[in-house]
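Listed below are the residues making up each chain.
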Amino acid sequence: MENCFIGNEVVFLMKLKQVVTIESGYPFRGRVTEVQDASVVVVQMKNISPLDGINWSGCVGTHLTGKREPSWLQSGDILVAARGSRNYAVKVDLNMLQIGARAVASPHFFVLSIKNNAVLSDYLVWFLNQAPCQRYFEQNAEGSLTKSIRRNVLEDVPVAVPPLKKQQAIIGLSQVLHQEKRTLEQLLHNGERLMGSIATELLATAIDE
């Protein structure tokens, strides 16, 4: 662990494995089979996005087919995409999960659990999604068609850890920017629908004449 000063603040430089425990997602045998009224749901790649996190309503219920004892997801855990063109991170929030259900991540994820109270989950999600970490993943990814990162690569990600007050300020700013992105996307979507409606109306008018 190293530290440096930015202004009057001490910022520690740590490896990711010093602040979290890292596990792979649940090792399903073959594809995930949807089971109605199952008490276990699985988070897959199609259920997450960097902007909106986990879409719990899209997660399917299933039965666990592997031999490994499941590591149930907990609020505050972080999922990092192990495969794909971008290895982004999302935070687990079980408040949106149906009562009585438990959740696991698919094997396409690494599951990070905070073990060092010097780091906030929301801050770590933000940091892992920023350009320096994404460049690190890109430089260390393996594979030709489908890129992936190894666990030891993830463990050695350098993480800058400022004081908690600074982390909270960054989280607040990030949340504001996310809301602005959502608003902008909604405006663009509404504009595209309006243009489509105008084109449809013009075409209908031309046909009637």
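Here the structure is a predicted model, which means the values were calculated and not measured. (Residues numbered from 1 in each chain as written. Predicted model: local features only at pLDDT ≥ 70, side-chain atom pairs only at ≥ 80, totals over all residues. Heavy atoms only, no water.)

Draft legend 1. Structural view of the sheet that holds strand S10 (residues 102-105). The mixed open sheet is built from 3 strands, whose spatial order is S7-S4-S10. Two strands close off the open sheet at either side, each with one partner strand: strand S7 (60-61) and S10. Strand direction decides the pairing type here: strand S4 (residues 40-43) and S10, joined by 4 bridges, are parallel. Within S10, the position partnered with Val 42 by the bridge is Val 104. (Pairing = 2+ DSSP bridges. Helix = DSSP H or I, 4+ residues; strand = E, 2+ residues; numbered from the N terminus.)

Draft legend 2. Spotlight on the environment of Val 41. Mapped onto the elements, Val 41 comes out in strand S4. A sequence separation of 17 residues divides Val 41 from Gly 58, and the C-alpha atoms of the two residues are 9.7 Å apart. With residues up to four places along the chain from it excluded, the contact list for Val 41 reads Trp 56, Cys 59, Val 60, Gly 61, Leu 97, Arg 102, Ala 103 and Val 104. (Contact = heavy atoms within 4.5 Å.)

Draft legend 3. Structural context of the sheet that holds strand S11 (residues 109-114). The antiparallel open sheet is built from 4 strands, whose spatial order is S3-S11-S8-S9. Two strands close off the open sheet at either side, each with one partner strand: strand S3 (20-24) and strand S9 (89-91). Neighbouring strand axes in the sheet, compared pairwise and without regard to direction, differ in orientation by 25° on average. In terms of strand pairing, strand S8 (residues 78-81) meets S9 through 3 bridges, oriented antiparallel. Counted as the bridge partner of Ile 78 is Lys 91 from S9. Its contacts with the sheet put helix H1 (residues 121-128) on S3, S8, S9 and S11, and the angle it makes with S9 is roughly 160°. (Axes fitted to C-alpha atoms, helices over the stretch in contact; angles between N-to-C directions.)

The values are spatial; any link to function lies outside them.
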